[in-house]
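A look at the structure
The chain contents come next:
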Amino acid sequence: MSLVQYFRLVDTMARMSLRAEASRYFLGYIWWILEPMLWVSVFYVVFEVLLQTGRADFLVFLMCGKLAFLWFSKSVNQAANSIVMNRGLVGRINVTKTLFPLAVVQEGLYRQGAVFLLLFGVLLVWGYTPSPTWLCLVPVVLVNYLMIVACAYIGACLVCLVRDFSMIIALGMTFLLFTSGIFWDVRALPDPAMTGLVLAVNPLAFLLDAYRQVLMFNTPPDWAHLGWVGLGSAALLYVMVVIMRRNSQYFALKALS
Amino acid sequence: MISADGKPVMLSLEEVSLSYQSRRQSFDHGSHHVLERVSLEIHEGETLGIIGRNGVGKTTMLRLMAGILAPTSGRVRQHPGKTSALLTIGLGFRPDLSGRDNAMLAAMLQGATARQARGYLEEIKAFSELGDSFEERVKTYSAGMLARLGFTTALMTHVDILLVDEVLSVGDAQFREKAQKAMIERITGDQTVVFVSHMEGQVRDICNRAICIEAGRIVADGEPQAVLKTYRELR
């Protein structure tokens, strides 16, 4: 299978899944926007209405973080189970196992396109004006995407080897939800050393902060840091592709048994 | 690749074993099978039938031949440049997608481009006699409809070595006859076929060679009538 054909297949699988999913629900494609908005509403009620964080821009602050986080967590969570879920196809065709997680990630990418449009809309309504700095978002989104694919591959392999990882990954996402600065500001921690530590240790916290810096404060991200996260994700992705290509039959056996 | 008697070898298994650790003791449908040092050569144009009781490793053998699984030891060799495909029914369909989408996906996974795959769709719809159900989700299909879709999508793929797993054993009698006829048409060309079935009549009618597997080994190999006799004695 040529590379072009491979990506056409990924695209076809993603579109089919999206269409099938939309046809299952009464509200269809509206869920693309509705689900993330409901998430944001829940967080808004808890942290702004009940706990009163006192930030005037809390809604925008929350949306920048939460919407990007949902992209990551949903894609990785679903992709982690994708090889095992597709064991019918795995047992029938010798195809590289990267196909299944990538199709799931692609699905998430299409959905996220709509979500980002919504985010831009809200930013405009809230009085944020687009500036050339917003172009810095392109590398941020790219690095975010690379990180999602790398994590999706790792997750899919782990679940294939030992099903229990499916539970651990779901739990890990909840852990990241609390530690990545979604409803609290990494930069407002009482100890500045802690801010540095969180940003250095958790690349997701760094990325979410980068979205806010660009969109809310017209500040380009820390390029060196972004570069390292991008390079790390790309390296990890490369290693995973090699592992999955070399051990395609082994993963098939694991998915089937 | 040439065999001792001068015929081109399409596929060969050399001392192939497959074993694995399974905590839940399940593989496929709860059976646990292992192949032990199996050697076999399949020649060009041959129609080989594999028979054996349930759970002796017939499907596993086809999966090894198709390169879906790798042997624990031994070698599976395919003639360079030749393509092979495993055809099975039911399994591998995504229940939330329509028959059309599933057929499209199956063709593309088999290596067809999107345009080629779209070209097959009307043919698949017509042959399978699914009518409007072709646009409905596979989840709503009966076993017979699944068999029709499975067989037809399988039939449309064009490969040098066809590995067929029980495709002809299900569905209603009328469609089964039609499917068998279409299959024989394919086989009478120079198509190489490996055919798993538990229907003795089909093996006798379609195959020109048969093997019988028992407990992970080949216990009979040769003319279908003789191999079927061994098989009946095992049951």
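Before any of the text, the structure's been laid out above.
In what follows, the accompanying structure is described. What you see is a predicted model, and the numbers here were worked out from it, not measured in a lab.

**Examining the sheet that holds strand S1 (residues 9-18) of chain B**
Residues and elements named next belong to chain B. With antiparallel pairing, the 3 strands of this open sheet are ordered in space as S2-S1-S4. The sheet is open, and its two edges are formed by strand S2 (35-43) and strand S4 (73-78), each paired on a single side. Sheet twist, expressed as the mean angle between neighbouring strand axes with direction ignored, is 10°. Here S1 runs beside S2; their pairing, made up of 6 bridges, is antiparallel.

**Structural notes on the interface of chain B and chain A**
Taken together, the contact between chain B and chain A spans 31 residues of the former and 27 residues of the latter. At the boundary of chain B with chain A, total buried surface from both sides reaches about 2,800 Å², with 60% on carbon and sulfur atoms. Taken together, the links from chain B to chain A amount to 1 salt bridge. Of the charged contacts, one joins Arg19 of chain A and Asp101 of chain B as a salt bridge, the two residues approaching to 3.3 Å between their closest N and O atoms.

**Here we look at the pattern of salt bridges**
Residues and elements named next belong to chain A. In this structure the tally under the stated criterion is 21 salt bridges over all chains. Note that Asp209 is salt-bridged to Arg187, the shortest N-O span being 2.8 Å. Here Asp209, found in helix H10 (residues 203-217), pairs with Arg187, found in the loop between helix H8 (165-179) and helix H9 (192-201); they are 22 residues apart in sequence, far enough to count as distant. Residue Asp209 is classed as buried on the basis of its relative accessible area of 6%. Judged by its relative accessible area of 48%, Arg187 is partly exposed.

**Some words on the side chain of Thr192 of chain B**
Residues and elements named next belong to chain B. With respect to the helices and strands, the residue Thr192 is situated in strand S7 (residues 192-196). One polar contact links the side chain of Thr192 to the main-chain amide nitrogen of Gly45, over a distance of 3.0 Å. Non-local contacts of Thr192, meaning those with residues more than four positions away in its chain, are made with Met10, Ile42, His43, Glu44, Gly45, Glu46, Asp160, Ile161 and Leu162.

**Considering helix H11 (residues 223-246) of chain A**
Residues and elements named next belong to chain A. Its 24 residues give H11 an end-to-end C-alpha distance of 34 Å, which sits within 8% of 34 Å, the value for a rise of 1.5 Å per residue. For H11, every residue scored as buried is listed here: His225, Leu226, Val229, Gly230, Ser233, Leu237, Met240 and Met244. Looking at the buried residues of H11, the elements they touch are helix H4 (82-85), helix H6 (99-125), helix H7 (137-161), H9, H10 and helix H12 (248-256). For H11, the N-terminal capping position is held by Asp222, with its side-chain oxygen 3.3 Å away from the main-chain nitrogen of Ala224.

**Considering the environment of Phe116 of chain A**
Residues and elements named next belong to chain A. By the element assignment, Phe116 lies in helix H6. For Phe116, a relative accessible area of 12% puts it in the buried group. Look past the residues within four positions of Phe116 in its chain and what remains in contact with it is Trp71, Val141 and Tyr211.

**Regarding the packing of aromatic side chains**
Following the criterion strictly, the structure yields 16 aromatic pairs over all chains and no others. Among the aromatic residues, those joined into a cluster by ring pairs are Trp39, Phe43, Phe47, Phe178 and Phe183 of chain A. The ring of Phe93 of chain B is capped by Arg92 of chain A, whose NZ or CZ atom sits 5.7 Å from the centre of that ring. One Lys or Arg, Lys178 of chain B, reaches over the ring of Phe127 of chain B and ends 4.4 Å from the middle of that ring.

**Some thoughts on the packing of H7 of chain A against H12 of chain A**
All names here are of chain A. Packing of H7 against H12 brings their axes to within 8 Å, and their N-to-C directions diverge by 55°. Looking at the two axes, H7 sits oblique to H12. Across the interface between the two elements, Cys157, Cys160 and Leu161 of H7 pack against Tyr250, Phe251, Lys254 and Ala255 of H12. Residue composition of the contact of H7 with H12, by class: 6 nonpolar, no polar and 1 charged.

**Overview of the nonpolar core**
Counting 157 residues, the largest nonpolar core has Leu99 of chain A together with Ile50, Met61 and Met65 of chain B as its most contacted members. With 15 residues, the top contributor of residues to this core is helix H3 (residues 58-80) of chain A. Excluding anything up to four places from it in sequence, Ile50 of chain B contacts Lys58, Met61, Leu62, Met65, Val194, Phe195, Val196, Ser197, Ile211 and Ile213 of chain B.

**Some details on the sheet that holds S7 of chain B**
All names here are of chain B. Strand order in the open sheet formed by 6 strands is S5-S6-S7-S3-S8-S9, with mixed pairing between adjacent strands. Two strands in the sheet have a free side with no partner beyond their single neighbour: strand S5 (84-88) and strand S9 (217-222). Averaged over all pairs of adjacent strands, the angle between their axes in this sheet comes to 20°, without regard to strand direction. The pairing of S5 with strand S6 (residues 161-165) spans 5 bridges and is parallel. Paired with Ser84 across the bridge in S6 is Ile161. Packing of helix H7 (residues 224-234) onto the sheet brings it into contact with strand S3 (47-52), strand S8 (209-214) and S9, and relative to S8 it is tilted by some 20°.

**Let's talk about the environment of Cys212 of chain B**
All names here are of chain B. Position of Cys212 among the secondary structure elements: in strand S8. Overall, Cys212 belongs to the buried group, its relative accessible area being 0%. For the pair formed by Cys212 and Pro224, sequence separation is 12 residues and the distance between their alpha carbons is 9.5 Å. Not counting the four nearest positions on each side in its chain, Cys212 is found in contact with Ile51, Arg217, Ile218, Val219, Ala220, Val227, Tyr231 and Leu234.

Cut-offs applied
- Residues numbered from 1 in each chain as written.
- Chains lettered and ligands numbered in written order.
- Predicted model: local features only at pLDDT ≥ 70, side-chain atom pairs only at ≥ 80, totals over all residues.
- Heavy atoms only, no water.
- Pairing = 2+ DSSP bridges.
- Helix = DSSP H or I, 4+ residues; strand = E, 2+ residues; numbered from the N terminus.
- Axes fitted to C-alpha atoms, helices over the stretch in contact; angles between N-to-C directions.
- Contact = heavy atoms within 4.5 Å.
- Buried area = accessible area lost by both parts, 1.4 Å probe.
- Salt bridge = Lys/Arg side-chain N within 4 Å of Asp/Glu carboxyl O.
- Buried < 20%, exposed > 50% of the residue type's maximum accessible area, 1.4 Å probe, protein only.
- Polar contact = N/O pair within 3.5 Å; in protein donor to acceptor, adjacent residues only side chain to side chain.
- Expected span 1.5 Å × (residues − 1).
- Phe/Tyr/Trp six-rings, centres within 6.5 Å; stacked < 30°, edge-to-face > 60°.
- Lys NZ or Arg CZ within 6 Å of the ring centre and 35° of its normal.
- Parallel < 35°, antiparallel > 145°, perpendicular 65-115°, else oblique.
- Nonpolar A, V, L, I, M, F, W, Y, C, P; charged D, E, K, R; others polar.
- Core = buried A, V, L, I, M, F, W, Y, C linked by side-chain atoms within 4.5 Å.

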